[in-house]
Amino acid sequence: MTMTETLETIHDLVQRSDLTTLAKFAAEAPRPEISELLDRLSPVDAAVVFRLLPKDTSIDVFERLEPAAQADLVTELAEAEVVGVFEALDPDDVVGLLDELPAKVTKRLLQTLSPRQRTATAPILGYPQGSIGRKMSPEYLIARPDEPVQTVLARTQRDEAQYETIYTIPVVDHSRTLVGILSLRELMRAEDTDLVGAVMNTPVSAAAYDSDEVAARRCLDGGLLALPVVDREERLVGLLTIDDAIRIIRAAEDEDQARAGGTEPLRRTYLLTPVRQIARARAPWLLILAISAILTVQVLELYEATLAEVIALALFIPLLTGTGGNAGAQAATTLTRALAMNELGTRDIGRVAFKEVRTGFTLGLVLGSLGFLIAALVYELPIGIVIGLTLLAVCTIAATVGGLMPIIAKACRVDPAVFSTPFISTFCDATGLIIYFTIARAILGL
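An account of the accompanying structure is given in this report. Keep in mind it's a predicted model, so treat the numbers as computed, not measured.

**Regarding the pattern of salt bridges**
Inference 1: According to the stated counting rule, one finds eleven salt bridges in the structure shown.
Inference 2: For the salt bridge of Asp159 with Arg158, the shortest nitrogen-to-oxygen distance reads 3.1 Å.
Inference 3: Take Arg158: its relative accessible area is 59%, and that puts it in the exposed class.
Inference 4: For Arg235, the salt bridge identified is with Glu233, shortest N-O distance 3.1 Å.
Inference 5: What emerges from the salt-bridge pattern is a single network uniting Asp231, Glu233 and Arg235.

**Observations regarding the side chain of Thr156**
Inference 1: Along the chain, the position of Thr156 falls in helix H11 (residues 149-159).
Inference 2: At 2.7 Å, the side chain of Thr156 and the backbone oxygen of Val152 are in polar contact.
Inference 3: The contact partners of Thr156, leaving out residues within four places of it in the chain, are Leu141, Ile166, Ile169, Leu184 and Leu187.

**Things to note about the sheet that holds strand S4 (residues 226-230)**
Inference 1: Ordered by their spatial adjacency, three strands build an open sheet running S3-S4-S5, and the pairing between neighbours is mixed. Pairing within the sheet leaves two strands with one partner each, and these edge strands are strand S3 (206-207) and strand S5 (236-241).

**Focus on the nonpolar core**
Inference 1: In terms of nonpolar packing, the biggest core is built from 31 residues, with Ile10, Leu38, Leu41, Phe50, Phe62, Leu73 and Leu97 touching the most fellow members.
Inference 2: Not counting chain neighbours up to four residues away, the residues in contact with Phe62 comprise Phe50, Gln70, Leu73, Val74, Val85, Leu89 and Leu97.
Inference 3: Membership of the second largest hydrophobic core comes to 22 residues, among which are Leu307, Ala312, Leu313 and Phe437.

**Side note on a nonpolar patch on the surface**
Inference 1: Together, Leu315, Leu370, Phe372, Leu373, Ile374, Leu377, Val378, Tyr379, Leu381, Ile385, Leu389 and Ile443 make up a nonpolar patch on the protein surface, roughly 1100 Å² of accessible area in all.
Inference 2: When contributions to the nonpolar patch are tallied by element, the ones reaching two or more residues are helix H20 (349-378) and helix H21 (381-411).
Inference 3: Leu315 sits in the exposed class, given a relative accessible area of 55%.

**Topic: the side chain of Thr323**
Inference 1: By the element assignment, Thr323 lies in helix H19 (residues 317-340).
Inference 2: At a separation of 2.7 Å, a polar atom in the side chain of Thr323 contacts the main-chain carbonyl oxygen of Leu319.
Inference 3: If we ignore the near neighbours within four places in the chain, the residues touching Thr323 are Leu367, Leu391 and Cys395.

Parameters at a glance
Residues numbered from 1 in each chain as written. Predicted model: local features only at pLDDT ≥ 70, side-chain atom pairs only at ≥ 80, totals over all residues. Heavy atoms only, no water. Salt bridge = Lys/Arg side-chain N within 4 Å of Asp/Glu carboxyl O. Buried < 20%, exposed > 50% of the residue type's maximum accessible area, 1.4 Å probe, protein only. Helix = DSSP H or I, 4+ residues; strand = E, 2+ residues; numbered from the N terminus. Polar contact = N/O pair within 3.5 Å; in protein donor to acceptor, adjacent residues only side chain to side chain. Contact = heavy atoms within 4.5 Å. Pairing = 2+ DSSP bridges. Core = buried A, V, L, I, M, F, W, Y, C linked by side-chain atoms within 4.5 Å. Patch = residues over 30% accessible without salt bridge, like charges linked within 9 Å, V, L, I, M, F, W, Y side chains within 5 Å. Areas by Shrake-Rupley, 256 points an atom, 1.4 Å probe, with all protein chains shown as cover.

So, to be careful, I would describe these as geometric facts and stop short of saying anything about function.
In structure tokens form, the structure reads like this:
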């Protein structure tokens with residue numbers, strides 16, 4: 001049975017109030033599959049299925065949901081049901097859910113937390129949104145460099161249920177400064193009498209105020225199961241686990257892809273997102289692009305007389321603007337990804353400019369030669385020269401500008417994805433037309 005058919009079956013069972021069949025399905029389905037289904041079901045249907053799950057299963061399933069799906073589910077559950085699940089969540093998951101809920105609901109749920117949970121959650125809430133401090137887990141196992149391995153192993157076996165992960169163990173001194181890192185495998189391979197300081201490794205860490213995406217990529221690129229998070233004094237304050245790192249990167253990539261298409265990412269799947277919310281996600285970008293497109297209209301008005309003298313020039317405008325926009329968008333997409341993968345930084349702006357100038361010139365040479373040949377054969381030689389030179393110039397400039405904009409954005413502490421494909425296309429439209437008519441006037445003597 002496909003996912004779509006399963007969703008339709010569950011909806012039908014809910015509509016017919018066939019809770020016996022639904023409960024049997026919920027009991028037999030694997031937890032990851034149930035989580036995926038709840039992510040795709042409407043809040044009402046998801047709440048019905050969730051209520052039929054055993055308590056242990058429901059807590060595990062709830063933790064696997066995306067924060068937006070958790071928030072929708074919370075609004076459908078009774079307060080007593082919410083409190084039970086809420087208290088069982090890890091502190092970082094609590095904060096992720098609170099960020100998605102309305103302020104009134106957040107305040108009410110915070111009041112239901114136990115003193116222990118409130119103590120663990122409060123420090124995370126103190127970090128700004130978008131920082132890794134907001135996504136780290138404050139529940140972690142630590143070791144001291146002067147401890148015997150046997151002592152740490154015994155503590156791991158005794159207290160492992162209290163921590164989100166035991167596979168990566170930070171080593172701290174008596175002031176909680178991070179001095180090393182130890183994996184569970186290394187711990188088990190060591191002799192019982194060995195000191196932790198003799199078997200620990202040099203730690204890789206992130207600062208609590210670092211971008212969550214930067215820290216997550218550091219975790220994944222290093223092949224780490226968990227990344228220690230430290231404060232400004234290098235004191236350990238939390239751990240970023242690999243599952244949270246994957247979730248952060250997935251959300252960042254979804255955001256970049258959405259903005260590259262001129263919209264904002266949706267909180268839930270497409271079919272569960274209200275029309276009003278989809279329109280709200282697209283409207284700001286359409287407004288920005290509509291305003292910026294006025295520049296293109298103004299350029300055409302400036303060269304209206306030139307178009308009147310040589311009507312053939314108007315036929316090539318879509319070709320030239322489209323080519324320039326595509327060349328700029330290709331460069332911007334490539335550089336945005338390179339920045340996200342930490343393949344380069346703002347210091348490489350000169351090297352990027354030089355590379356994109358050459359790349360754009362090469363592309364322009366190929367396309368310009370083809371454009372020259374076709375235009376010269378169909379119309380006349382001067383028209384062919386104008387088209388060929390314009391394509392050469394437009395491709396070179398568009399690739400260079402498209403490549404530099406994401407780097408400039410990052411230097412200005414702006415998300416490079418903001419300089420999305422539609423924005424760059426509009427920019428290249430205006431500049432491409434100016435180049436086109438300037439070359440046409442010079443070659444045709446207008």
